[in-house]
Structure formats: C-alpha cells, structure tokens
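The primary structure of each chain is shown beneath.
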Amino acid sequence: MNPETLLDTTFDCECGRSHKVPVRSIIYADDAMERLSEVLGTLVSGRSIVLVADKRTRAIAGELLKEALELTGWTVHDIIVPDTNHGGPICDDVTHARLNDRMPPADIALAVGTGVVNDLTKWSAFDKDIPYAVFATAATMNGFTAANVAPTINGVKTLIRARAPLAVFGIPSIIVGAPFELTAAGLGDTIAKPVSTADWIFNHLFCGESFCRYCSEIINSLEPYYLDKPGDINNRKPAAIEALFNALLYSGIAMTVIGTSAPASGGEHLFSHTLDMMSSIDGVEHDLHGRQVGLGTIFASALYERIFKIDKPDCHHYPGNIDGAFWDSLAGNVREQYEQKIPKLQTICKKLADGKTWGEFLAAARKQVRSPAQIKNCLKTAGAAHTFEGIGSSRKRVLAAALHMHEIRKRPTIIDLAWILGIMPKAAGEIIDRWLTD
C-alpha cells in the first residue's frame with residue numbers, strides 16, 4: 001500500500017463505505033517554505049491568510065513564513081497563542097473562544113507548530129468556515145492530518161469533529177532538529193497504533209462499531225522503520241525521522257477517512273488524557289501527550305497479555321459509577337460520559353458468553369498487539385519515556401490515572417474489558433511495578 005496515492009481521492013472501500021481524503025498535498029522538502037505561497041494559491045482563490053503560532057514556533061518558522069507570504073502578495077494577519085502559567089498554550093474551550101475573537105475574515109488559516117497550535121487553528125478555522133493548512137515544526141503527534149480536535153471542554157478531555165487540512169508542509173532539517181522530546185512524543189503516539197487497532201476490533205465485535213481493514217492498515221508498511229529500528233530515531237537519522245513523520249501523517253488520514261479516532265486511539269490514550277485532567281484539577285504539571293501515551297501503550301499491552309490467557313471469560317462486577325470524589329469539580333461532566341457507556345458494558349457482558357465471538361476477538365487481537373517488552377524496549381532504545389519517572393510523575397499518580405482512566409469516555413476500550421474480566425483493579429499496580437519502572 002502506497003499511502004501517497006490516497007491524497008485528494010475518493011474511493012469505494014471493501015468495508016462498504018465511500019472514503020474521501022481531503023488532504024491534497026504533503027510537502028516534506030527543503031524548499032517547502034519557498035513552495036508554500038504557490039501551493040496555497042492553488043487551494044484558495046484569495047490572498048488573505050491568518051497565521052497562528054506560539055512564541056516558539058513563531059521564532060522557528062513563523063517570522064520567515066510571514067515574510068515569504070507577504071513578498072508574494074499575501075495579506076498576513078498573525079496571531080500568537082499565549083502560554084499558560086504552567087508552560088505552553090493549551091487547547092481548551094477558553095483559549096478557543098479567545099482565538100475565535102481574534103481571528104479576522106480570511107481565505108485560509110495556517111497553523112505553524114504541532115499539537116496545540118494545530119488543534120486550535122483547525123478548530124477556529126472550522127468555526128469560521130475557512131480552510132486551513134499546517135506548517136509542521138516537529139514530528140510529535142498524529143493530529144496534523146486528522147479532522148478531529150482533542151480539546152478540554154468544561155475540564156474534560158474530549159473529541160470533536162472539525163475539518164482536516166488541505167495541505168501539510170515540513171522542512172526535514174526543522175523536523176529532524178526539533179527538540180528530541182517532541183520527536184520521542186511522536187514515537188509514543190505512533191507506537192500506540194497496534195493496540196488502538198485491537199481496541200477497534202474489540203468494539204467492532206462486541207459493540208457493533210464499523211471496522212475498516214483498509215484504514216487500519218494504512219501505516220503498516222511504515223511500522224518497521226520505527227518499531228524495528230528505534231535506535232535510528234535516537235540517532236536522529238533523517239530516514240527514520242521521515243518515516244515517523246509519515247506514520248503520524250497517515251495515521252491522521254486514517255482517522256479522517258473513517259470519521260473517528262479509532263484507527264489510532266484506544267484505551268492507551270486514556271492514560272494520557274486522565275493525567276491531563278488530573279493536572280487541571282490539582283495544578284501539577286503533566287508531560288507531553290505522546291510521551292504519556294507511550295506509557296499507556298505499555299500498560300494496555302500488558303493488559304492484553306493477561307487477557308490472551310483467558311479461554312473462557314466470565315463477567316465480573318465492574319464499576320457502575322465514577323469516583324466522584326477523585327474527579328472533584330469535573331465529576332458531573334465525567335459521569336455524563338461514563339453513564340453513556342454503561343449499556344455498552346452490559347452488551348459486552350452478554351456477548352462474553354458467546355465463545356465464538358471471544359475466539360474471533362482473541363485471534364484478531366493477537367495478530368495486532370505487540371508485547372509490553374517489545375514496546376518498552378522500542379521506547380527505551382529510541383530515548384523516549386518508558387517509566388513513570390520519565391514523565392516526571394510518581395507511582396501514586398500514575399496508579400491513580402490507571403484506576404480512573406476507564407471513566408472518562410463513553411466508548412469502551414480494553415481498559416473496560418479488563419475491569420469486566422476481573423483483571424483490574426488488581427493488575428494496575430502489578431503492571432506499573434513490572435513495566436513502568438526501570
């Protein structure tokens with residue numbers, strides 16, 4: 001499968017659906033900045049643009065991009081997203097509202113940066129009903145090409161649908177030379193893919209969610225570059241960084257094509273989202289999304305390892321409500337999500353009695369999931385976070401996240417299945433001590 005042939009296409013898929021890829025161009029080249037004006041000119045008829053960056057990405061590329069655009073006849077309105085008291089900017093409803101107020105009418109918006117800047121620009125461009133493009137400054141997350149935005153709304157990490165970019169630009173020297181913790185975060189986000197696919201299969205078999213094999217396999221051909229050669233990531237070899245960047249871009253396209261985050265986000269992502277939400281409650285800083293996802297992937301893989309040993313599953317007592325005291329001011333919003341999941345958990349319990357469904361799930365998931373040892377070794381060899389100390393957290397904090405992450409979303413994941421099967425909560429501490437320490 002050649003992912004590049006997907007760009008700007010509409011095709012009928014074997015899954016029975018027609019898929020559309022709105023991303024028209026990916027320019028990863030030394031002259032990406034010089035080509036920016038010409039490419040954008042083919043995407044929109046006007047010459048007015050809103051350039052959105054933070055203070056770091058403005059210094060890396062924003063200033064030069066503004067000059068290049070203005071020299072070629074573009075009217076540029078630039079916005080710098082402010083940092084928070086705890087560090088960089090965040091993607092939440094408050095910041096979004098402020099950006100919307102500052103964003104003038106334009107023909108297109110350009111995000112200059114990575115996760116937060118990209119999501120905020122995508123979200124506001126969607127609200128303003130204008131297209132957007134992104135000039136990436138690091139290979140740090142798979143949201144570049146996704147139509148999804150992952151903001152915090154009313155304190156709860158959620159997922160909303162917006163619109164994918166028309167084009168993505170990147171200069172190899174900038175991507176390779178980005179702060180390494182950003183690249184390592186990109187690896188953590190990408191390495192989650194086999195686990196998230198298994199979670200997708202789980203939802204397909206037990207909850208009737210639509211599944212597309214084609215979308216699940218879009219980035220499979222790129223996997224050996226980072227999974228089998230993690231040392232090349234650590235050594236910043238250009239070919240390995242480019243493969244990682246492409247894997248991030250095309251996993252985002254897979255999410256856009258299918259219309260959900262299922263191809264690249266499962267229970268492992270909830271670990272990161274929960275840590276973020278805990279930070280919003282107690283003010284303790286959290287690490288980068290992808291670095292936390294890497295640990296979540298190790299944890300989820302270790303749960304899968306235990307699940308694979310069960311031949312005849314039994315439905316155990318699982319939590320019927322959330323831990324309101326833990327979630328404090330967020331309890332109402334978290335409870336609203338969890339209550340929507342309860343009927344699905346009941347359906348899963350009923351289907352566990354069907355040995356055929358369980359056998360199909362085990363056979364399919366075993367083909368997808370990598371062992372916790374392989375995932376941990378990959379992250380460790382690549383120089384990425386693989387312990388709770390590595391993300392600046394304590395055992396107590398990651399244990400709290402592990403015990404509450406099943407509560408924050410209405411879509412079931414492998415974390416819920418582990419509770420249903422009686423593996424959780426006991427396994428949480430054991431997995432942390434076995435796999436998330438040195």
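To keep things clear, this report deals only with the structure shown in the data block. What you see is a predicted model; the values in this text were computed from it and never measured. (Residues numbered from 1 in each chain as written. Predicted model: local features only at pLDDT ≥ 70, side-chain atom pairs only at ≥ 80, totals over all residues. Heavy atoms only, no water.)

Looking now at the overall build of the protein. The helix and strand tally for the protein stands at 20 helices and 12 strands. Scaling as 2.2 N^0.38, a compact globule of 438 residues should have a C-alpha radius of gyration of about 22 Å, and the protein matches this with 21 Å. Dimensions along the principal axes, computed over C-alpha positions, put the protein at roughly 65 × 45 × 40 Å. Burial analysis of the protein (438 residues in total) assigns 60% to the buried set. Across the protein, contacts joining residues at least 24 apart in sequence account for 78% of those joining residues at least 6 apart. (Helix = DSSP H or I, 4+ residues; strand = E, 2+ residues; numbered from the N terminus. Rg over C-alpha atoms; globule rule 2.2 N^0.38 Å. Buried < 20%, exposed > 50% of the residue type's maximum accessible area, 1.4 Å probe, protein only. Contact = heavy atoms within 4.5 Å.)

So, about helix H20 (residues 426-435). Residues lying three or four places apart along an α-helix face the same way, a consequence of the helix completing one turn every 3.6 residues. Residues of H20 that are buried include every one of Ala427, Ala428, Gly429, Ile431, Ile432 and Trp435, and no others. Buried residues in H20 make contact with helix H13 (289-307), helix H17 (372-382) and helix H18 (395-404).

Before going further, it helps to examine the state of the cysteines. Throughout this description, disulfide means a covalent bond between two cysteine sulfur atoms. Counted by the stated rule, this structure contains 1 disulfide. With a sulfur-sulfur separation of 2.1 Å, Cys315 is cross-linked through a disulfide to Cys349. Judged by the torsion about the S-S bond (45°), the Cys315/Cys349 disulfide is right-handed. One end of the pair, Cys315, is in the loop between H13 and helix H14 (324-327); the other, Cys349, is in helix H15 (residues 331-352), and 34 residues separate them in sequence. (Disulfide = S-S within 2.5 Å.)

On to the side chain of Thr158, then. Mapping Thr158 onto the fold places it in the loop between strand E10 (156-157) and strand E11 (160-161). For Thr158, a relative accessible area of 19% puts it in the buried group. In this structure, Thr158 is in contact with Val149, Ala150, Pro151, Ile153 and Arg409, ignoring residues within four places of it in sequence.

This brings us to the packing of aromatic side chains. Inspection of the entire model under this criterion finds 12 aromatic pairs. A centroid spacing of 6.0 Å and a plane angle of 85° characterise the contact between Phe206 and Phe361, whose relative ring orientation is edge-to-face. Of this pair, Phe206 sits in helix H7 (residues 193-207) while Phe361 is found in helix H16 (residues 355-368), placing the two residues 155 residues apart along the sequence. A relative accessible area of 0% places Phe361 in the buried class. Judged by centre distance (6.4 Å) and plane angle (40°), the rings of Tyr304 and Phe361 are tilted. Placement of the pair is Tyr304 in helix H13 and Phe361 in helix H16, with a sequence separation of 57 residues. The burial state of Tyr304 is the same as that of Phe361; both residues are buried. Among the aromatic residues, those joined into a cluster by ring pairs are Phe202, Phe206, Tyr304, Phe308, Trp358 and Phe361. Sitting above the plane of the Trp435 ring, Arg434 keeps its charged end 3.8 Å from the centroid. (Phe/Tyr/Trp six-rings, centres within 6.5 Å; stacked < 30°, edge-to-face > 60°. Lys NZ or Arg CZ within 6 Å of the ring centre and 35° of its normal.)

Attention shifts here to the sheet that holds strand E3 (residues 25-28). On the basis of which strands lie adjacent, the open sheet formed by 6 strands has the order E3-E12-E7-E6-E4-E5 and parallel pairing. Since the sheet does not close on itself, it has two edges, and those belong to E3 and strand E5 (75-80), each with one partner. Going from strand to strand, the sheet's axes swing by 15° on average, the running direction of each strand aside. Relative to strand E12 (residues 167-170), strand E7 (residues 132-136) runs parallel, the two sharing 2 bridges. The residue bridging Phe135 from the neighbouring strand is Phe169, located in E12. This element, helix H2 (residues 55-71), spans strand E4 (48-53), E5, strand E6 (108-113) and E7 of the sheet and lies at about 165° to E4. (Pairing = 2+ DSSP bridges. Axes fitted to C-alpha atoms, helices over the stretch in contact; angles between N-to-C directions.)

This paragraph deals with the packing of helix H6 (residues 180-190) against H13. A pair of packed helices is characterised by two quantities: the angle between their axes and the separation of those axes. In contact at an axis separation of 7 Å, H6 and H13 are set at 40° when each is read in the N-to-C sense. When the axis of H6 is compared with that of H13, the two are oblique. Helix-helix and strand crossings are classified by hand; for H6 and H13 the assignment is left-handed. Listed contacts from H13 to Glu181, Ala185, Gly188 and Asp189 of H6 are His289, Gly290, Arg291, Val293, Gly294 and Thr297. Its residues placed into classes, the contact of H6 with H13 shows 2 nonpolar, 5 polar and 3 charged. (Parallel < 35°, antiparallel > 145°, perpendicular 65-115°, else oblique. Left-handed = near helix turned anticlockwise from the far one by under 90°. Nonpolar A, V, L, I, M, F, W, Y, C, P; charged D, E, K, R; others polar.)

So, about the pattern of salt bridges. What the rule picks out here adds up to 21 salt bridges. A salt bridge links Asp129 to Arg163, with the shortest nitrogen-to-oxygen separation between them at 3.4 Å. You can see Asp129 sitting in the loop between helix H4 (115-127) and E7 and its partner Arg163 sitting in the loop between E11 and E12, a full 34 residues away along the chain. Linked by salt bridges that have partners in common, Asp54, Lys55, Arg56 and Asp83 make up one network. (Salt bridge = Lys/Arg side-chain N within 4 Å of Asp/Glu carboxyl O.)

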